[in-house]
Amino acid sequence: KASAEADVPALTEKKKKSDSMNADMIDQIATLKERLSSSDASVQLLAKEKEAIESEKTELLREKALLETDAADTRCQVQALLEEKASAEADVPALTEKKKKSDSMNADMIDQIAALKERLSSSDANVLILNEEKDALCQQNTSLESNIAKMSFQVQALLEEKASAEAD
């Protein structure tokens, strides 16, 4: 019993140390729980951020697919334009030759038009001369008709004189 009583102060001291250590451990556990709770909130926040990033990534992939489609369409259009250009360039020599022939024909037509204008001018002058001659002929015709009318009266008068002379 005496030895047990002698151990009480040492055991009491050990119990105080143990209680103190238990209190420290409880504080540490509480701190760890707070940190864990804070970590859980951070994990949830990171999960939401990850979800937002995934959504953004999906949108970017969709946009990339659209851009790739647009790029493919543009490449097709460029290829078609290059083919059109090559075709047009192939037509240039033939078109140049056609233009030369057309220019030559135009020059010939211009010469023909100039010659026709000269003939027309000459014809206009001839028409004026013919109109003057026609006017002169019309005047002669009027004069001749007048003379014929006079002669007709004279013939009539002579016929009447002849008939009267024959009747006598």
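Above this text you will find the structure in question.
Here is a short report on the structure shown in this document.

The rules behind these values
- Residues numbered from 1 in each chain as written.
- Predicted model: local features only at pLDDT ≥ 70, side-chain atom pairs only at ≥ 80, totals over all residues.
- Heavy atoms only, no water.
- Helix = DSSP H or I, 4+ residues; strand = E, 2+ residues; numbered from the N terminus.
- Rg over C-alpha atoms; globule rule 2.2 N^0.38 Å.
- Buried < 20%, exposed > 50% of the residue type's maximum accessible area, 1.4 Å probe, protein only.
- Salt bridge = Lys/Arg side-chain N within 4 Å of Asp/Glu carboxyl O.
- Patch = residues over 30% accessible without salt bridge, like charges linked within 9 Å, V, L, I, M, F, W, Y side chains within 5 Å.
- Areas by Shrake-Rupley, 256 points an atom, 1.4 Å probe, with all protein chains shown as cover.

## Some remarks on the overall build of the protein
Each helix and strand counted, the protein has one helix and zero strands in total. Radius of gyration (C-alpha) of the protein: 66 Å, far over the 15 Å computed for a compact globule of 168 residues. Summarising its shape, the C-alpha atoms of the protein cover approximately 225 × 45 × 25 Å along the three principal directions. Classification of the 168 residues of the protein by burial places 0% in the buried group.

## Describing the pattern of salt bridges
Per the counting criterion, the structure on display carries six salt bridges. The salt bridge partner of Lys15 is Asp19, with a shortest N-O separation of 3.1 Å. Of this pair, Lys15 and Asp19 both sit in helix H1 (residues 2-167), four residues apart, roughly one helical turn. In this structure Lys15 comes out as exposed when scored by relative accessible area, which is 52%. Since its relative accessible area comes to 39%, Asp19 is described here as partly exposed.

## Side note on a nonpolar patch on the surface
On the surface, a cluster of nonpolar side chains totalling about 300 Å² of accessible area is made up of Met105, Met109 and Ile113. If you trace the backbone, Met109 turns up in helix H1. For Met109, a relative accessible area of 44% gives the class partly exposed.

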